[in-house]
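# Examination of the molecular architecture
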Amino acid sequence: MTVKAYGAHAGNLPLEPLEITRRAPGAHDIQIAIDYCGVCHSDLHQVRSEWEGTLYPCVPGHEIVGRVIAVGEHVSSHRAGDLVGVGCIVDSCKHCADCDEGLENYCDHMVGTYNGATSDAPGHTLGGYSQQIVVHERYVLHIRHPEEQLAAVAPLLCAGITTYSPLRHWKVGPGHKVGVVGIGGLGHMGIKIAHAMGAHVVAITTSESKREAARALGADEVVVSRNADEMAARAKSLDFILNTVAAPHDLDPFFELLKRDGTIALVGAPATPHPSPQVFNLITKRRSLAGSMIGGIPETQEMLDFCAEHGIVADIEMIRANQINDAYERMLKGDVKYRFVIDNASLAA
């Protein structure tokens, strides 16, 4: 079937209207009419070839929510009319140790929702800036939020799981002091989720103007990292730091905030590397530097259910598809609180 989409033909060209082909649903496939798609910073990196290996035409989008319109003959997990989501993964090998443990995000053969190898035309996956998508049932998630929150649920499929997974892995909860570096698309979700997990949340920002906003999101304290006195007052006080910043920066000041055995987990993905931290900031307090990438399908469902239970959604600004190029420029300037979401009905215009 042919559907309307928005994408680019080269890294130096703007996104524009396209027509793309979707396969007919197979026995284990689910066909989804996409209502909304969140706009992730990685969409911009990929479509502009700032990350290696972009395949064109590139149709970004991996924060997808919508409604099931058809299912294959062997699908039992979903039925027509269900509210569903699709995140960053649409396939994997299904039999390696990672897949067996529900950690498809670490499978060596994970297929991304866009820019991943596939037998479908044009030979790589095309994402959620489109009217419909067809996905194997294993990678389709139930949405249990109220329908009126559907647009604000979309960013949970990447920003939500990207922050939930490390917080859960490092067992954040009551009695923990957790720093969240950066108050943007990822960081605002990290603050909300860590707060709901029962942690004492310290939001860390370069911007004095974000104090009130961070507290409104659930932060118990707000630290401006450019203020040496505020940073010094929190030395050796945090159990865990979630660093969401997607630009290269000095990590050493944040290590000094950690207690002995504390960990910084990086989830922001800059186009160029961070400067290497000083080794003595690690070895003198047995501190760790770690990374985390999205989450597997079971954990993503767990995150969605957790967020539904706690009333957590993203703070969004809705845009039409033809506003995406302007939205990218605004995103680069930090001019969004905190996530753009495309109203996919605008693709029909």
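Up top you'll find the structure we're talking about.
Throughout what follows, the structure given in this document is the object of discussion. Everything numeric in this text was worked out from a predicted model, so none of it was measured.

What follows deals with the packing of helix α4 (residues 159–169) against helix α5 (residues 187–196). Put simply, α4 and α5 touch, their axes get as near as 9 Å, and they point 45 degrees apart. Taken as axis vectors, α4 and α5 run oblique relative to one another. Helix-helix and strand crossings are classified by hand; for α4 and α5 the assignment is right-handed. Contact residues: A159, G160, T163, Y164 and L167 in α4; M189, G190, I193 and A194 in α5.

Right, let's get into the pairing of strand β13 (residues 238–243). Counting buried positions along β13 yields five of six residues, so the element is predominantly enclosed. Judged from the four bridges that link them, strand β10 (residues 177–181) and β13 form a sheet pairing that is parallel. By the bridge assignment, G179 is partnered in β13 with I241. Inspection of the sheet shows β13 paired to strand β14 (residues 258–266) by five bridges, in the parallel sense. When the sheet's bridge partners are listed, L242 is paired in β14 with A265.

A word on the nonpolar core. Of all hydrophobic cores here, the largest spans 89 residues; its most connected members are Y129, L167, I193, I324 and Y328. Sequence-distant contacts of L167, that is, excluding residues within four places in its chain, are made with V172, V178, G190, I193, A194, M197, F240 and L242. If you look at the next biggest cluster of nonpolar residues, it comprises 14 residues, including V202, V223, I241 and L258.

Relative to the assigned elements, A121 resides in the loop between β7 (111–112) and β8 (132–136). Along the chain, A121 and T21 lie 100 residues apart, while their C-alpha atoms are 6.7 Å from each other. Non-local contacts of A121, meaning those with residues more than four positions away in its chain, are made with T21 and L126.

A few words now on the sheet that holds β13. Strand pairing in a sheet is mediated by backbone hydrogen bonds. Such pairs are either parallel or antiparallel. Pairing within the open sheet is parallel, and its six strands lie in the order β12-β11-β10-β13-β14-β15. What marks the edges here is a single partner per strand, and that holds for β12 (221–224) and β15 (288–291). Direction aside, neighbouring strands of the sheet carry axes that sit 20 degrees apart on average. Bridging between strand β11 (residues 200–205) and β12 involves four bridges; their strand directions are parallel. Paired with A203 across the bridge in β12 is V222.

For helix α10 (residues 297–310), built from 14 residues, the straight-helix expectation of 20 Å at 1.5 Å per residue is met to within 8% by its first-to-last C-alpha distance of 20 Å. The complete set of buried residues in α10 reads I297, E299, T300, Q301, M303, L304, F306 and C307. Buried-residue contacts for α10 involve β6 (89–91), β9 (141–142), α3 (150–153), α4 and α5. One or two positions beyond α10, positive phi appears at G311, with a value near 65 degrees.

Its place among the elements puts D29 in strand β3 (residues 29–38). Spatially, the C-alpha atom of D29 lies 5.2 Å from that of G72, the residues being 43 residues apart in sequence. With residues up to four places along the chain from it excluded, the contact list for D29 reads R23, A24, A70, V71, G72, V75, V134, V135, H136 and E137. A polar contact of 2.9 Å, which involves the side chain of D29, links it to the side chain of R23.

About the thresholds
Each residue is numbered by its place in its chain's sequence as written, counting from 1. Given that this is a predicted model, residues contribute local features only at a pLDDT of at least 70 and side-chain atom pairs are listed and counted only at 80 or more, while totals for whole chains, interfaces and linings are drawn from all residues. Hydrogen atoms and water are omitted, and side-chain values are computed over all heavy atoms in the structure. Under this scheme, a helix contributes an axis fitted over its contacting stretch, all axes are lines through C-alpha atoms, and angles between N-to-C directions fall in the 0 to 180 degree range. Helix and strand assignments follow DSSP, with helices taken as H or I runs no shorter than four residues and strands as E runs no shorter than two, numbered in order from the N terminus. By definition in this entry, angles of less than 35 degrees are roughly parallel, angles greater than 145 are roughly antiparallel, angles of 65 to 115 are roughly perpendicular, and the rest are oblique. Note on convention: near helix rotated counterclockwise from far helix by under a right angle means a left-handed crossing. Clockwise means right-handed. Residues count as neighbours in contact if any of their non-hydrogen atoms are within 4.5 Å of one another. The buried label goes to any residue with under 20% of its type's maximum accessible area, the exposed label to any with over 50%, and the partly exposed label to all in between, with areas taken from a 1.4 Å probe on protein chains only. Here the rule is simple: two strands pair whenever DSSP picks up at least two bridges between them. Joining through side-chain atoms within 4.5 Å is the link that ties buried Ala, Val, Leu, Ile, Met, Phe, Trp, Tyr and Cys residues into a set, and such a set is a nonpolar core. Under the convention used throughout, the expected extent of a helix is 1.5 Å for every residue step, that is, one less than its residue count. Distance and chemistry together define a polar contact, namely a pair of N or O atoms within 3.5 Å, with one atom able to donate a hydrogen and the other to accept it when in protein, and with adjacent residues in sequence counting only for side-chain atoms on both sides.

Purely geometric numbers; function is a separate question.
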